[in-house]
Amino acid sequence: MAAPLPRVEIAATGRHLPDNIVTNDDLALRLDTSDEWIRTRTGIVTRRIADDETGAAAMGVEAARAALAEAGLDASDVDVLIVSTATPDRWLPSTACDIQELLGADGAFAFDLHAACSGFLYALTMAEGFLVAGHGDVALVVAAEKMTGIVDWEDRATCVLFGDGAGAAVVRRSEHPGRGIVASYHRSDGSMADLLCRPSGGVREPMSADVLVRRTHLVQMEGREVFKNAVRSMSEAAGRVLEIAEMGADDIDLMIPHQANVRIVEATARYAGIDMDRVYVNLDRYGNMSSATIPVALDEAREQGLVGPGSTVLTAAFGAGLTWGAMIWRF
């Protein structure tokens, strides 16, 4: 049986990155680390860090405006607004409702989705479901992350990995035969949640003086185990989504993986049978922006002409939860 035809397509993309560029050498001035240590272990050279007054909503709005402008749409045209973020400006209400107000997307229903680094792919699948079910014609998917606001700046093993930014995509029903989301695959495993988490600060263990002293409201990560599971999970997802789409590696024009660590990227590409010259990498410039990494990379790849009409793109992600997934798009 042939794979089903795409039902929704990514009509436009946008991105926003803070102006402040922080190098590895900058971090070495405040941490017991070095450019060589960070670069050789992760591939990261610089990252963007938002100022104290800028949160996820502000960055997400700028990315959303860029995507809407490319699509030739107004905020009033948006029917569904889904925001992927692990770093909400506040716990209540949702960052999506804040972005809705800032954009003026009064006709949309808006909500947050939290799947960590896999969130953009999860949100695209959710947008697909809403549109196919008839809940509107235009969905706006935004991934906005201020990861530097939740990392422990005293933990050199984790804080050097992350950066801030936002990406967005306008999604609508496919208007061209064969163009759109070809296939998707998603998984999660809550039994490994403690490998990458913020242990405190929620309702089970609210913020307190003791939590602040222990710094358990900040990101904690078991690096070796996360690395091992990331390689396994992203590789599995890439292979499974190719099977679902009834495609092989040669059918993929560009792979856009989650940008966490260059060795994870290389291992995933190798498993999928895709040469690195067909893999988009920008983590050297931005680090890990959680769910914003893939839409930012996609927007850059489109701007550079690496993705255009007729291109087939494979993407894969892995994040806290643990969550992972993959998707194939045809433009």
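Scroll up to find the structure this text is about.
Residues numbered from 1 in each chain as written. Predicted model: local features only at pLDDT ≥ 70, side-chain atom pairs only at ≥ 80, totals over all residues. Heavy atoms only, no water.

Draft legend 1. Spatial organisation of the overall build of the protein chain. Helix and strand counts for the protein chain come out as 11 helices and 13 strands. Structurally, the protein chain occupies a C-alpha span of about 55 × 45 × 35 Å along its principal axes. Across the 331 residues that make up the protein chain, the buried fraction comes to 57%. A separation threshold of at least 6 residues defines the contact pool for the protein chain, and within that pool the share at least 24 residues apart is 76%. (Helix = DSSP H or I, 4+ residues; strand = E, 2+ residues; numbered from the N terminus. Buried < 20%, exposed > 50% of the residue type's maximum accessible area, 1.4 Å probe, protein only. Contact = heavy atoms within 4.5 Å.)

Draft legend 2. The arrangement of the sheet that holds strand β1 (residues 8-16) in detail. Pairing is mixed across the open sheet formed by five strands, whose spatial order is β1-β7-β6-β4-β5. The open sheet has two edge strands with one neighbour each: β1 and β5 (109-113). Strand-to-strand twist across the sheet, computed as the mean angle between neighbouring axes with direction ignored, equals 20°. Pairing of strand β6 (residues 138-146) with strand β7 (residues 164-173), which is carried by nine bridges, proceeds in the antiparallel orientation. Residue pairing in the sheet places Ala-139 in a bridge with Val-171 of β7. Running over the sheet, helix α5 (residues 119-132) touches β1, β4 (80-84), β5, β6 and β7 and is turned about 160° from β6. Packed onto the sheet, helix α11 (residues 293-303) meets β1, β6 and β7 and runs at close to 95° relative to β1. (Pairing = 2+ DSSP bridges. Axes fitted to C-alpha atoms, helices over the stretch in contact; angles between N-to-C directions.)

Draft legend 3. Structural detail: the packing of aromatic side chains. Here the structure, examined in full by the defined rule, presents four aromatic pairs. With 5.9 Å between their ring centres and 65° between their planes, Phe-111 and Phe-130 make a pair best called edge-to-face. Of this pair, Phe-111 sits in strand β5 while Phe-130 sits in helix α5, and the two are 19 residues apart along the sequence. Counting every residue linked through ring pairs, the aromatic cluster contains Phe-109, Phe-111 and Phe-130. Its end group placed over the ring of Trp-37, Arg-156 keeps NZ or CZ at 4.9 Å from the ring centre. Directly above the ring of Trp-324 sits Arg-232, whose terminal nitrogen or CZ lies 5.7 Å from the centroid. (Phe/Tyr/Trp six-rings, centres within 6.5 Å; stacked < 30°, edge-to-face > 60°. Lys NZ or Arg CZ within 6 Å of the ring centre and 35° of its normal.)

Draft legend 4. Highlighting helix α3 (residues 56-71). The end-to-end C-alpha separation of α3 is 22 Å, in line with the 22 Å expected for 16 residues at 1.5 Å each. Inspection of α3 places Ala-56, Ala-57, Met-59, Gly-60, Val-61, Ala-63, Ala-64, Ala-67, Leu-68 and Ala-71 among the buried residues, and these make up the whole buried set. In this structure, the buried side of α3 is in contact with β1, α4 (95-103), β6 and β7. In the segment just after α3, Gly-72 is the residue with positive phi, at about 70°. (Expected span 1.5 Å × (residues − 1).)

Draft legend 5. Representation of the pairing of β7 in the model. The buried fraction of β7 amounts to nine of the 10 residues, a majority that puts the element mostly inside the structure. Relative to β7, β1 runs antiparallel, the two being bridged by eight bridges. Following the sheet pairing, His-16 is matched in β7 by Ala-166.

Read these as layout, nothing more, since geometry by itself doesn't imply function.
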